[in-house]
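Structural overview for review
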Amino acid sequence: MKQKKKSTKIGRNDACPCGSGKKYKNCCMGRSTPPPESLQKSYQKRYNIRLKSATDVEKIRAAGELVLATFAEVEKVLGPGLVTDEINTIVHDFTIRHGATPAPLNYRGFPKSVCVSINDVICHGIPGPRVLQDGDIVNVDITSILDGYYADANKTFFIGTPSDDARKIVNVARTCLKEGLAMVRPGNCIGDIGWAIQQYAESQNCSVVREFVGHGVGFQFHEAPQVPHFGRRNTGVPLVPGMVFTVEPMINLGRHQLRILEDKWTAVTADGSLSAQFEQTLLVTEDGYESLTPFAL
Ligand code: MF3
Ligand code: CO
Ligand code: CO
């Protein structure tokens, strides 16, 4: 297609927008579509990013459907009085019954099949004897491996009647994911996602966790690139079709600092404030994105 706006015209000696690292004139200039194979090679070489083929995407989408079906099982029983280990049992058994594997189990020594993070727990909460109480907020983070492919998603739920603070942090975290997703399209870059999230979170006097980031996903649990939920516009890897990564902002009602508990996993807010998170697995398409773990935000 012909460039319409002069202001966005790419010079023949500029870097090619396909991300190859070559000059535009020696790469995509005059081509109607960029050559997928060279794009694949250049993303591998420059960024260690493995772009996904249509067949790969189908498999990740199927893993994503299983993740969503697993959420539906959990949501049936979620409420005051539920023991977090029961969430683990549901996720574990449902995943196995569908011929899949829960990715967290034994991942870098993680002892359970799902992460369950309550109130001031930012992420990586380990299911156990803790009982959900009226007024709690709880994040459930599910990652399934189906036919060798990974999909990763999480949601934060209210247990019983939420406090005003609980409502606020969950709604801000939900909107942060929406704002991040709105930036996902070719022509934008990784930094635009974090920029949009940070802008919104801080406009609401909330803070963005720095230590944990979104990530490439599909062939493995955590692949390149890293997707920070804070940062500057127009920085980082240019987004191109075939990239699959998560966006999963962790948003605190107070300050962003965290500490890790003795169990070496559980991350909690340093100031004890509430923290909430939503996560989806996204595919960059020609004109935007497709969620491979779609749920309403
Ligand atoms: N699901 C988390 C993420 O979104 C990672 C959990 S790692 C685990 O990246 F070992 F705690 F499961
Ligand atoms: Co993730
Ligand atoms: Co996750």
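A few points on the structure. (Residues numbered from 1 in each chain as written. Chains lettered and ligands numbered in written order. Predicted model: local features only at pLDDT ≥ 70, side-chain atom pairs only at ≥ 80, totals over all residues. Heavy atoms only, no water.)

Secondary structure assignment for the chain yields five helices and 15 strands. For the chain, the C-alpha radius of gyration of 20 Å lies close to 19 Å, the compact-globule estimate for 297 residues. With the C-alpha coordinates aligned to their principal axes, the bounding extent of the chain is approximately 65 × 45 × 30 Å. Taking all 297 residues of the chain together, 51% fall into the buried category. Taken as a whole, the chain presents about 14000 Å² of accessible surface, with 49% of it coming from carbon and sulfur. (Helix = DSSP H or I, 4+ residues; strand = E, 2+ residues; numbered from the N terminus. Rg over C-alpha atoms; globule rule 2.2 N^0.38 Å. Buried < 20%, exposed > 50% of the residue type's maximum accessible area, 1.4 Å probe, protein only. Areas by Shrake-Rupley, 256 points an atom, 1.4 Å probe, with all protein chains shown as cover.)

So, about the coordination of the cobalt ion (ligand 3). Metal coordination angles in their ideal form are 109.5 degrees for the four-donor tetrahedron and 90 or 180 degrees for the six-donor octahedron. For the cobalt ion (ligand 3), every protein donor is listed as Asp141 (OD), Asp141 (OD), Asp152 (OD) and Glu279 (OE), and the spread of their distances is 2.1 to 2.4 Å. Classification of the site at the cobalt ion (ligand 3) rests on its six donor atoms, whose angles at the metal span 57 to 169°, yielding the label irregular. Here the donor residues of the cobalt ion (ligand 3) are spaced in sequence according to D-x10-D-x126-E. Between the cobalt ion (ligand 3) and the cobalt ion (ligand 2), the interatomic distance is 3.3 Å, and Asp152 donates to each metal, bridging them. Within this pair, whereas Asp141 is found in strand β4 (residues 137-146), its partner Asp152 is found in strand β5 (residues 149-158), the two being separated by 11 residues in sequence. Grouping residues by exposure puts Asp141 and Asp152 together as buried. (Donors = N, O, S within 2.8 Å, 3.2 Å for Na, K, Ca; no water. Tetrahedral: all angles 85-135°; square planar, octahedral: opposite > 155°, others 65-115°.)

Scanning the model with the defined rule gives zero disulfides in all. Free of any disulfide, Cys206 has its nearest neighbouring cysteine sulfur in Cys176, separated by 7.5 Å. (Disulfide = S-S within 2.5 Å.)

Only Asp152 (OD), His215 (NE2), Glu248 (OE) and Glu279 (OE) from the protein coordinate the cobalt ion (ligand 2), and they sit 2.0 to 2.2 Å from it. Bound by six donor atoms, the cobalt ion (ligand 2) shows angles of 52 to 162° at the metal and therefore irregular coordination geometry. In primary sequence terms, the donor set of the cobalt ion (ligand 2) follows D-x62-H-x32-E-x30-E.

Another point: the pattern of salt bridges. Any two side chains of opposite charge can pair if their charged atoms end up close together. Counted according to the given criterion, the structure contains seven salt bridges. Note that Glu223 is salt-bridged to Lys52, the shortest N-O span being 2.7 Å. Of this pair, Glu223 sits in strand β8 (residues 223-227) while Lys52 sits in the loop between α1 (36-47) and α2 (54-77), placing them 171 residues apart in sequence. With a relative accessible area of 11%, Glu223 lands in the buried category. In this structure, Lys76 and Glu73 form a salt bridge, with 2.9 Å as the shortest nitrogen-oxygen distance. Taken together, the residues span about one helical turn, with Lys76 and Glu73 both in helix α2 at a distance of three residues. Judged by relative accessible area, Lys76 falls into the exposed class, the value being 63%. Accessibility expressed as a relative area gives 23% for Glu73, which makes it partly exposed. (Salt bridge = Lys/Arg side-chain N within 4 Å of Asp/Glu carboxyl O.)

If you check helix α4 (residues 164-181), its first and last C-alpha atoms are 26 Å apart, about what 18 residues at 1.5 Å a residue would give, namely 26 Å. All of the buried residues along α4 are Ala166, Ile169, Val170, Val172, Ala173, Cys176, Leu177, Gly180 and Leu181. (Expected span 1.5 Å × (residues − 1).)

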